[in-house]
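# Architecture at a glance
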Amino acid sequence: MEKVGLEFRAIISGDFKAKLGRSSTEVNPFIRDFEVYSAQGPLDSRGRDLLKELEEMGLLNFYDIEAFLKMCKCPANVSTSMPSEFLLLGLSWIEDKALWLAIPLTVWYSFSCVANCTLITIIVAERNLHKTMFIYIAVLGVVDLMLSGSVIPKVLAILWFESYTISADACLMQMFLFFGIESVEVSLFMLMSYDRYAAICHPLRYPSIITNSFILKSALILFTRNMIFLSTMPYLTIWMPYCMSNIVPNSFCEHLAVIKLSCGDRTPNNIFMLALVCIHTVADCGLIGLSYLFILRVVLSLASSEARKKAFNTCSTHIIIIGFFVSACIFSFLVYMFDTNAPLYIQTTSTLLIGLVPPLLNPIAFGIRMKEIRQGLKKLTLQIHHQRL
């Protein structure tokens, strides 16, 4: 730790002191206290407070903290187990403007929950909507509620109450839920695209293709595949040797962000993530793209220009929503996988968008835009109005 302390002192006294004109007597007490607490292992609340004091003095920002912690990753500081808690400091770049983000984020999340709950209620209540396409849409609503619920509440707790800490068990659970639900959503998009392909390209054979047996078997196969891959993730995370740092540069426990805190060989995790992307994401996205390619070919061959326009508007909306979700997932993966040194706000925003945008846009693109859903919403509104009277 002595060598690391000297390097840290050189950074503070050399670069920052020269620029900010701070005296060594003003800075050194903080350095000494930080060395004492950081030598004990993962940073506790006191260690975090010391870092915050340095930041408030204008001597250290989050990027410098992250650089210092990378220097601290040496064999002398390796622990045999995970830290008991992690510090989620991915939103530290907001500084004193947290309230300006907390308010719109709370409103957005509330609207998302209301929209998905309303959509699910309409489909469950209306018997004429108990069809394969609408069942998929209802399941998508449940998945979106779980996806945003696995991430956004903790983000709001950070913004409103400065609740940066998360226990190791909660971190692993959040990690598993986020990736599990994310993979389920991609698989669900694939099933929905295949359903539309069968309905538009083979309308006469649709009842014989999309049967109850097909729905159950496809759901079981995809669920089993996802669980085989994703159940490995927590174990790979737990058994890695961890260093003194327990600062996660994200607003939630993103798997690759947590793994980067390890001092051990990350090759097994990298192989696992590449296999997950290739076998799961690339395969599913390939089938989604192929389905919509066949759909567009049929749409362009329609004789009626009005029918072509209506079908194209529907398909293009679905492609945009699915494309955004998949692109955000792949971009987030690339940022962490290949050490791109992207700014912290890009790392945080890319993962937050996954839990924010699709859960609100999906009920609009796959729900409210459909005539049957609008009629069900109107009927449900009238029923509620008559009950109040």
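Just so it is clear, the model here is predicted, and its values are computed rather than measured. (Residues numbered from 1 in each chain as written. Predicted model: local features only at pLDDT ≥ 70, side-chain atom pairs only at ≥ 80, totals over all residues. Heavy atoms only, no water.)

We now examine the state of the cysteines. Where two cysteines share a covalent bond between their sulfur atoms, that bond is called a disulfide. Per the stated rule, a full pass over the model turns up one disulfide. Note on cysteine connectivity: Cys171 is disulfide-linked to Cys253, with sulfurs 2.0 Å apart. With the S-S bond torsion at -120°, the cross-link from Cys171 to Cys253 turns out left-handed. One end of the pair, Cys171, is in helix H8 (residues 168-201); the other, Cys253, is in the loop between strand E3 (247-248) and helix H12 (255-259), and 82 residues separate them in sequence. Under the relative-accessibility criterion, Cys253 is labelled buried at 0%. No disulfide involves Cys113; its sulfur sits 6.3 Å from the nearest other cysteine sulfur, which is in Cys117. (Disulfide = S-S within 2.5 Å. Helix = DSSP H or I, 4+ residues; strand = E, 2+ residues; numbered from the N terminus. Buried < 20%, exposed > 50% of the residue type's maximum accessible area, 1.4 Å probe, protein only.)

The next point concerns a nonpolar patch on the surface. Among the surface-exposed residues, Leu99, Ile103, Val107, Phe111, Trp160 and Phe161 lie close enough to one another that they form a single nonpolar patch of about 660 Å² accessible area. Secondary structure elements with two or more residues in the nonpolar patch: helix H5 (98-125) and helix H7 (152-161). When residues in the nonpolar patch are grouped by element, the largest group, four residues, is from H5. Topologically, Leu99 is positioned in helix H5. (Patch = residues over 30% accessible without salt bridge, like charges linked within 9 Å, V, L, I, M, F, W, Y side chains within 5 Å. Areas by Shrake-Rupley, 256 points an atom, 1.4 Å probe, with all protein chains shown as cover. Salt bridge = Lys/Arg side-chain N within 4 Å of Asp/Glu carboxyl O.)

Another point: the sheet that holds strand E2 (residues 165-167). Read across the sheet, three strands follow the order E2-E1-E3 without closing on themselves; strand pairing throughout is mixed. Lying at the two open borders of the sheet, with one neighbouring strand each, are E2 and E3. Bridging between strand E1 (residues 85-88) and E3 involves two bridges; their strand directions are parallel. Within E3, the residue paired with Leu88 across the bridge is Val248. Contacts from H8 reach E1 and E2, with the element oriented near 85° to E2. (Pairing = 2+ DSSP bridges. Contact = heavy atoms within 4.5 Å. Axes fitted to C-alpha atoms, helices over the stretch in contact; angles between N-to-C directions.)

These figures capture arrangement, not role.
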